[in-house]
Amino acid sequence: MIYLTDLGRRSFLTFAAALGGASTVGALPRLAGAEDTSQQTDTPTITLQDVPLSSGAKLTIERRGQIVLFGINRPYLQNRIDPETFEKLAEAYYQYDHDPSLRAAILFGHGENFSRGIDVEGFKSLAGAGKPWIANTETIDPLAKRAPYLTKPLIVVTHGDTWNMAHELFLLADIRIASATTRFGQDENTHGRFPGGGSTVRFVREAGWGNAMRYMLTGDHWNAEEAYRIGEVQQVAPTPEKALEAGLQIANKIAACAPLGIKTTLLSAHLAIDSTETDALSRLDAQFGALFHTRDFQEGREAEDQGRPPVYQGR
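Small disclaimer: the values here were computed from a predicted structure and weren't measured. (Residues numbered from 1 in each chain as written. Predicted model: local features only at pLDDT ≥ 70, side-chain atom pairs only at ≥ 80, totals over all residues. Heavy atoms only, no water.)

**Considering unusual backbone geometry**
The omega torsion of the bond from Ala 147 to Pro 148 falls at 0 degrees, within 30 degrees of zero and hence cis. Of note in this structure, Gln 78 is not a glycine but carries a positive phi near 55 degrees. Among the secondary structure elements, Gln 78 is positioned in the loop between strand E2 (67–72) and helix H2 (83–98). Owing to a relative accessible area of 24%, Gln 78 belongs among the partly exposed residues under this scheme. The phi dihedral of Ala 144 falls on the positive side, at around 50 degrees, and the residue is not glycine. For Ala 144, the location among the structural elements is in the loop between helix H3 (120–129) and strand E4 (154–158). On the accessibility criterion, Ala 144 (11% relative accessible area) is buried. (Helix = DSSP H or I, 4+ residues; strand = E, 2+ residues; numbered from the N terminus. Buried < 20%, exposed > 50% of the residue type's maximum accessible area, 1.4 Å probe, protein only.)

So, in C-alpha cells, the structure goes:
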C-alpha cells in the first residue's frame, strides 16, 4: 500500500506540472484512438474549452483529441466540492455530452486526494433552504438525480481520500479505477447527515445490500482492495500516476470504437435500471435538506469543530 505524504503530494503536483504546465497529462504517450479529429468531424455546435491548471480554476479541463479530462482542483481544502465546483462540473458534463468531437471523459483530482466530498458549509444554505444546486438548463447533474443524463462514457480515477459526495461521483462512472492509495468513505451517518448523493441507490446496486450497508450504517472507511472485492472498482493501480494512465488507456480504447454503438450500449443498459431508481433518486434532495434542520445535524457540526465524539438524540 502506498500513502501520499507531503512529499508524495508534491510529487503528484510536480507530476502534473511536468506533464505540460497547463496540462495535467500532456506528457503521457499518445495512445491508440487519441488522434486529432479536427478534420474528421463537422464544426460542433458546442466545443468544450480547455481550463488550464495554471488558471487556478476549481475545475480544470483538458482536451486530448477525442478525450477530455476534468480535474477537481481545491487541494488546499482536500478537494472538497463547493457549489461553484459542482456547478462547473455540471456545465462541463453538459458541454462534453454535446461536443461531437469528444467520445470519452475522465474525472480525477489534483493534489493529495481525489476529494473528501461535499463542502458542508458551502452547501448549507442551498440544502437547508431546498434551493436547486444547479441551473435547469445547459447542465447535467453530476450526481444524476434528475434528467438530463450523460449519454457518453465517463471514467473516474481516484486516489487518496474519496469520501461521501466524492464516492458518489465515483459511483456514477461507467468504469472506475482506483489507486492503491485510495481510502473510500461514506460516513455521513456519523455526522448527523445521510448519503444524499445517490449511494443509498447506487452503492447498493454495485456492491450488494450487505456490503453497502456495512459501510454506510457504520461510517467505517475501506481501501481500494476492499472496493475491488465488493465489485465497485474495475481496476486497482499501484500509484495515482499509474491509475490515471490506466484511465487514459481505457478511454482511448473507447474513443476508437463506433460512437453510435457506444451510445446505444449505454442507453440499452440504462433502460434496464433507470426506471427502478428514478423515484428514489428524485427524493434525495428533500431528504438530505431535511436533515440540515435537525438537532443531530447541528450536534455533528459542533462535535467536529470541538474535536469530540458526537452524542446523537434522534431529533
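From this point, things continue past the structure.
**Let's talk about the packing of helix H5 (residues 199–207) against helix H6 (residues 209–216)**
One can describe the packing of H5 onto H6 by two numbers: an axis separation of 7 Å at closest approach and a directional angle of 135 degrees. One way to sum up the angle between H5 and H6 is to call them oblique. Packed against H5, whose contacting residues are Ser 199, Thr 200, Phe 203, Val 204 and Ala 207, the element H6 presents Trp 209, Asn 211, Ala 212, Met 213, Tyr 215 and Met 216 at the interface. (Axes fitted to C-alpha atoms, helices over the stretch in contact; angles between N-to-C directions. Parallel < 35°, antiparallel > 145°, perpendicular 65-115°, else oblique. Contact = heavy atoms within 4.5 Å.)

**Side note on the pattern of salt bridges**
Within this structure, the stated rule accounts for 16 salt bridges. Where Arg 214 meets Asp 220, a salt bridge forms, and the shortest distance between an N and an O atom there is 2.8 Å. Residue Arg 214 is classed as partly exposed on the basis of its relative accessible area of 39%. For the salt bridge of Glu 299 with Arg 295, the shortest nitrogen-to-oxygen distance reads 3.7 Å. In this pair, Glu 299 and Arg 295 are both assigned in helix H11 (residues 295–306), four residues apart and thus about one turn of the helix distant. Classification of Glu 299 as buried rests on a relative accessible area of 6%. (Salt bridge = Lys/Arg side-chain N within 4 Å of Asp/Glu carboxyl O.)

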